[in-house]
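Descriptive analysis of the structure
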Amino acid sequence: MKPVELVQLCCDCYVSYRPTACTVDSHVETWCSSRKLDLGDAKFIQQVVYGCVRFKKLLKVVLTALYFKHGTEVSREDYHLYMVMAYLSILRLEDLTMPVFRKFVMSQDKLKMFVLLAFIFNSHNLEKWVKDEWCKVYDEQFVNDELIARMLRHLPDVSDILERLRELSQEDTKAAEQLTPTKRDLKTTKVEPFALTRPKPRLLPEPEAIPVGFVANEIPDAVYKEPAINAKVKAAKTAAREETVSRHKKAAKPKLETDLRPMNKPALIAAAAKQFEEEHAYIPPKHNKIVRRAPEDQAPVRLNTAAILREDALVKKKLEEEVKLMKQYESELRDPTEFNRWQKEQLAMDEEARLNELERRRAEMAASDIAAREAQAAMHLDKKLQVAQALHDKAVERNMLAEEQALMLEAKRLQVMEVQEEASKVAAVLEAEEKKKQEQAAALREEKKLLAAEAAAERAREEVERMDLVRQIRALESVRVDRTPTFDPTETAGTRVMEEMSLAELRERLALRNQQLLEDEEERRAQIIATKQRKEQSLIAKVESISRLRAQAGKDAVDKRNAIRQKEEEMKIARQKARESNMVLLQDKIEKQRAARQAEELRLQEEIRQIQLKRQFLAAGAQQVEETKWKELERGAERAAANAVRIRQDARAEAKATKASQKKNWRLVREREEAEKAAFMEDYFRRVNLNGAREAAADATYDMAMKKETVESIRAQQARVKAKHMTSNPYDFIATDLSRPQGGLSSPTSSSPSPGATMQRRAMVTGKASKRRAGGNGSGSGSGSGSGSG
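Cut-offs applied
- Residues numbered from 1 in each chain as written.
- Predicted model: local features only at pLDDT ≥ 70, side-chain atom pairs only at ≥ 80, totals over all residues.
- Heavy atoms only, no water.
- Helix = DSSP H or I, 4+ residues; strand = E, 2+ residues; numbered from the N terminus.
- Contact = heavy atoms within 4.5 Å.
- Areas by Shrake-Rupley, 256 points an atom, 1.4 Å probe, with all protein chains shown as cover.
- Buried < 20%, exposed > 50% of the residue type's maximum accessible area, 1.4 Å probe, protein only.
- Polar contact = N/O pair within 3.5 Å; in protein donor to acceptor, adjacent residues only side chain to side chain.
- Phe/Tyr/Trp six-rings, centres within 6.5 Å; stacked < 30°, edge-to-face > 60°.
- Lys NZ or Arg CZ within 6 Å of the ring centre and 35° of its normal.
- pLDDT = per-residue confidence, 0-100.
- Salt bridge = Lys/Arg side-chain N within 4 Å of Asp/Glu carboxyl O.
- Axes fitted to C-alpha atoms, helices over the stretch in contact; angles between N-to-C directions.
- Left-handed = near helix turned anticlockwise from the far one by under 90°.
- Nonpolar A, V, L, I, M, F, W, Y, C, P; charged D, E, K, R; others polar.
- Core = buried A, V, L, I, M, F, W, Y, C linked by side-chain atoms within 4.5 Å.
- Expected span 1.5 Å × (residues − 1).
- Patch = residues over 30% accessible without salt bridge, like charges linked within 9 Å, V, L, I, M, F, W, Y side chains within 5 Å.
- Lys, Arg positive; Asp, Glu negative; His and termini not counted.
- Charge placed at Lys NZ, Arg CZ, Asp CG, Glu CD.
- Parallel < 35°, antiparallel > 145°, perpendicular 65-115°, else oblique.
- Disulfide = S-S within 2.5 Å.

1. Let's talk about the overall build of the chain
Each helix and strand counted, the chain has 20 helices and 0 strands in total. Pairs at least 24 residues apart make up 69% of the contacts formed inside the chain by residues separated by at least 6 positions. Carbon and sulfur atoms provide 57% of the accessible area of the chain, an area that totals close to 67400 Å².

Here it is in structure tokens:
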């Protein structure tokens, strides 16, 4: 099937899936079987649909970011197409391989695939739009190592596909533009700027020249040259290496069997070593050449206010520390050397005390362990006593509770009786209270009537006064009044507000306020200028102080550096002398050891010569030596025999113990087997007895059937003989029949089977019955139905 059809089938299968109805696998199997797809195509569709369902959150993050960033370039109708292609690109690209993936991409619309792949295979988009959302769903390490790293690893191969997609999409766009009709260009009004005179640019002032108060010296050539000591060291190393090579040059190389095998191991080792060297080659850093200058030749540094204040604070702090040290020395009048010695002694004493404390704590821990065990036992006993006491207290409390409940019931009974007695008195009290309330209500109604009459008289009086006031106001309004306004700047408006003033007073106050503001501004300006001047003077003083301190510190540093250099030179000379003296002592020691070794060798040679002389003298006593030798051999044989006997005894004891253990194990196994056998036999006989009755009934039925069959066969044989005899001599048969008595056959041979035939049939019946029993016991050990079925 073509890739474009496979992708479309994957989209259709995913769209038709309903999670609430069935599982993914069952849905895909049903969907593929209904369309009769090939096994390979069905497998591909199943894997793609299952992957889209499983990684739905991952793909949703990618597609959401794609539609948000490229909303004008993608369509919602292609959502499932983008989902399938995103799944193949992000999670299944290594399984598909790049050629197969290229076929799937090229089978779709070029512009759509270009937009999708350009968004997915972009490190900036992954970091900005996708990574944070992925980390909310999956582990950060999985996102970085498995998803993003894998996509960036395939970026070089996908870039070729993107370039081809860009070319094809541009060609399709141009073709579509050619097919669309072009609009006629209309002439429009062109805007032209006014011919205005351009102003000349302002000339910038020349920069102020910074005066340089020194002339830099030339850098010496020795700075860029390699020291002479390095050449000597290299020469010494080369000579030592050549000497080592020449000393071990004649050594034979070991012959190994693995060297004789045919292999390309050296070539592989060389290639691996070359690759390792290329990957781990050391690239030395490029250092800038540092030009060191003397302190007195260094250029002055211009400090800003913050730097001056920081430097001044540091200087003040150092001065305070020095003053504190001086005051301490003046107050204590002693040198700290004695204090340092005492401090060391105290530290040693503290260390010893710490070790003693550790030992004491260890002993205390052991004692506390014993005490803890005793306390635990005592606590256990105490808990037992507490439990017994608690049980006793609980019983007492239960008895007391029962008594309290009885008393409470009695009290409640008495309270009920009292309440009943009091309830009988409530009616009389309620009746008296009702009469009292009626009297109070009558008095209240009389009082309300009096108050209402007084209120009506008051309202009538107020109404008369109001009407009189209205008549007065109307009379005043009917009189003509001159309302011409006259403005006086010295009078107030008469609004009766706080701080009310006239216009003249306002103008005067404004003038005074402006004058006061100008005076305050001048005063502040003067204060600011004075403050600035004071700060500048202070900063100038601080800079001068800092300069002096820096100059002094530079001189002190130079002196200190010279002293340290001189001390290092002296220590170097002392170490060289000590090294030389040690070399001399070592050489003397080596010479002494060599002389002692030579003397020991001479002594050993002399001893060997004396031994040889003694052997020559003792050659005559060879027989005695031989006897001594045989005696030593006999004693050695006796010792070997004793050891062998002891070993055999140990082995016998071990074998005896092993045998006893085996017997014990065998006895236990035999007892277990006997118990199992007894149980089996009991079950067997029970089943046999159960099957015996069934087999007896079956045997009786079978014997009766066999007897009937035998009798019938004998009678049939007699009938055949009779018919044959009648055919050959009918008259003889009639005479014999007439002479035979009525009620049976006359010949015993014809009336009943012979004893031999009867025994033969009985043996056959018995054999069949025994076979049937054997089959029943063998097949019916689990149930009794099998024995009687034969």
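Structure shown, so let's carry the discussion forward.
2. Topic: the side chain of Arg-150
As for its placement among the helices and strands, Arg-150 is situated in helix α10 (residues 140-153). Discounting chain neighbours no more than four positions away, the residues touching Arg-150 are Ile-90, Leu-91, Glu-94 and Asp-145.

3. Details of unusual backbone geometry
You will see that Lys-36, though not glycine, has its phi angle at about 55 degrees, which is positive. When you line up the elements, Lys-36 lands in the loop between α2 (24-35) and α3 (39-54). Classification of Lys-36 as exposed rests on a relative accessible area of 76%. The phi dihedral of Thr-97 falls on the positive side, at around 70 degrees, and the residue is not glycine. The residue Thr-97 is located in the loop between α6 (93-96) and α7 (98-106) in this model.

4. Some points on the side chain of Arg-92
When you line up the elements, Arg-92 lands in the loop between α5 (79-90) and α6. Polar contacts involving the side chain of Arg-92 include one to the side chain of Gln-47, which spans 3.1 Å. A distance of 2.9 Å separates polar atoms of two side chains, one belonging to Arg-92 and the other to Asp-95. For Arg-92, the residues in contact, after removing those within four places along its chain, are Gln-47 and Tyr-87.

5. Details of the packing of aromatic side chains
Applying the stated rule across the entire model yields 5 aromatic pairs. With 5.5 Å between their ring centres and 20 degrees between their planes, Phe-44 and Phe-104 make a pair best called stacked. Remark: Phe-104 occurs in helix α7 and Phe-44 occurs in helix α3; sequence separation between them is 60 residues. Through successive ring pairs, a cluster of aromatic residues spans Tyr-67, Tyr-79 and Tyr-82. When the ring centre of Tyr-67 is taken as origin, the NZ or CZ atom of Arg-76, which lies over that ring, is 4.2 Å away.

6. Observations concerning the confidence of the model for the chain
Looking at the chain as a whole, the pLDDT averages 78, with 81% of positions reaching at least 70. When the criterion is pLDDT under 50, residues 731-790 qualifies, and its contacts beyond four places in sequence or with other chains add up to 46 contacts.

7. Things to note about the pattern of salt bridges
For the structure shown, the criterion picks out 25 salt bridges. Of the charged contacts in the structure, one is a salt bridge between Lys-112 and Asp-78, with a shortest N-O distance of 2.9 Å. A residue pair is termed long-range when its members are at least 10 positions apart, and Lys-112 in helix α8 (residues 110-120) and Asp-78 in the loop between α4 (56-69) and α5 qualify at 34 residues. Classification of Lys-112 as partly exposed rests on a relative accessible area of 26%. For Arg-461, the salt bridge identified is with Glu-458, shortest N-O distance 2.0 Å. Placement of the pair is Arg-461 and Glu-458 together in helix α15 (residues 337-478), with a separation of 3 residues, close to one helical turn. Exposure remark for Arg-461: the relative accessible area of 40% places this residue in the partly exposed category.

8. Here we look at the packing of α4 against helix α9 (residues 123-137)
Orientation of α4 relative to α9, taken along the N-to-C sense of each, is 145 degrees, at an axis distance of 10 Å. Considering the relative orientation of α4 and α9, their crossing is right-handed. Across from Lys-57, Leu-58, Val-61, Val-62, Ala-65, Phe-68 and Lys-69 in α4, the residues of α9 making contact are Asn-125, Trp-129, Val-130, Glu-133, Trp-134 and Val-137. Considered class by class, the residues forming the contact of α4 with α9 number 9 nonpolar, 1 polar and 3 charged.

9. Some points on the nonpolar core
Generally speaking, soluble globular proteins have nonpolar side chains that are buried together. Residues Ile-45, Met-85, Ile-90, Ile-120 and Trp-134 are the most contacted members of the largest nonpolar core, which totals 64 residues. Among the elements that make up this core, the one with the highest residue count is α5 (9 residues). Beyond its immediate stretch of four places on either side in the chain, Ile-45 contacts Leu-6, Leu-9, Cys-10, Cys-13, Trp-31, Cys-32 and Leu-37.

10. Observations regarding α3
With 16 residues, α3 should reach 22 Å at 1.5 Å per residue; the first-to-last C-alpha distance of 22 Å fits that figure. Among the residues of α3, Asp-41, Ala-42, Phe-44, Ile-45, Val-48, Val-49, Gly-51 and Cys-52 are the ones counted as buried. Along its buried surface, α3 packs onto α1 (3-15), α2, α4, α5, α6 and α7.

11. Remarks on a nonpolar patch on the surface
Residues Phe-487, Leu-503, Leu-506 and Leu-510 make up a contiguous nonpolar surface patch of about 390 Å² in total accessible area. Among the secondary structure elements, Leu-503 is positioned in helix α16 (residues 503-617). Leu-503 gets classed as partly exposed once you look at its relative accessible area, which sits at 31%.

12. With respect to α2
Taking 1.5 Å as the rise per residue, α2 with 12 residues should run 16 Å; its terminal C-alpha atoms sit 17 Å apart, in good agreement. Residues of α2 that are buried in the fold lie against α1 and α3. Backbone geometry just downstream of α2 places Lys-36 in the positive-phi region, at approximately 55 degrees.

13. Observations regarding a negative patch on the surface
Together, Asp-393, Glu-397, Glu-403 and Glu-404 give the surface a local cluster of negative charge. Its location among the elements puts Glu-404 in helix α15. The class of Glu-404 is partly exposed, set by a relative accessible area of 47%.

14. Examining the packing of α1 against α2
At their nearest, the axes of α1 and α2 sit 10 Å apart, and the two run at 125 degrees to each other. With respect to α2, the axis of α1 lies oblique. α2 is crossed by α1, and the crossing has right-handed handedness. Here α1 contributes Leu-9, Asp-12 and Cys-13 to the contact with α2, which in turn contributes His-27, Val-28 and Trp-31. The residue makeup of the contact of α1 with α2, split by class, is 4 nonpolar, 1 polar and 1 charged.

15. Side note on the state of the cysteines
Counted by the stated rule, this structure contains 0 disulfides. Sulfur of Cys-10: no disulfide; nearest cysteine sulfur belongs to Cys-11 and is 6.8 Å away. Its sulfur unpaired, Cys-52 is 7.5 Å from the next cysteine sulfur, which belongs to Cys-10.

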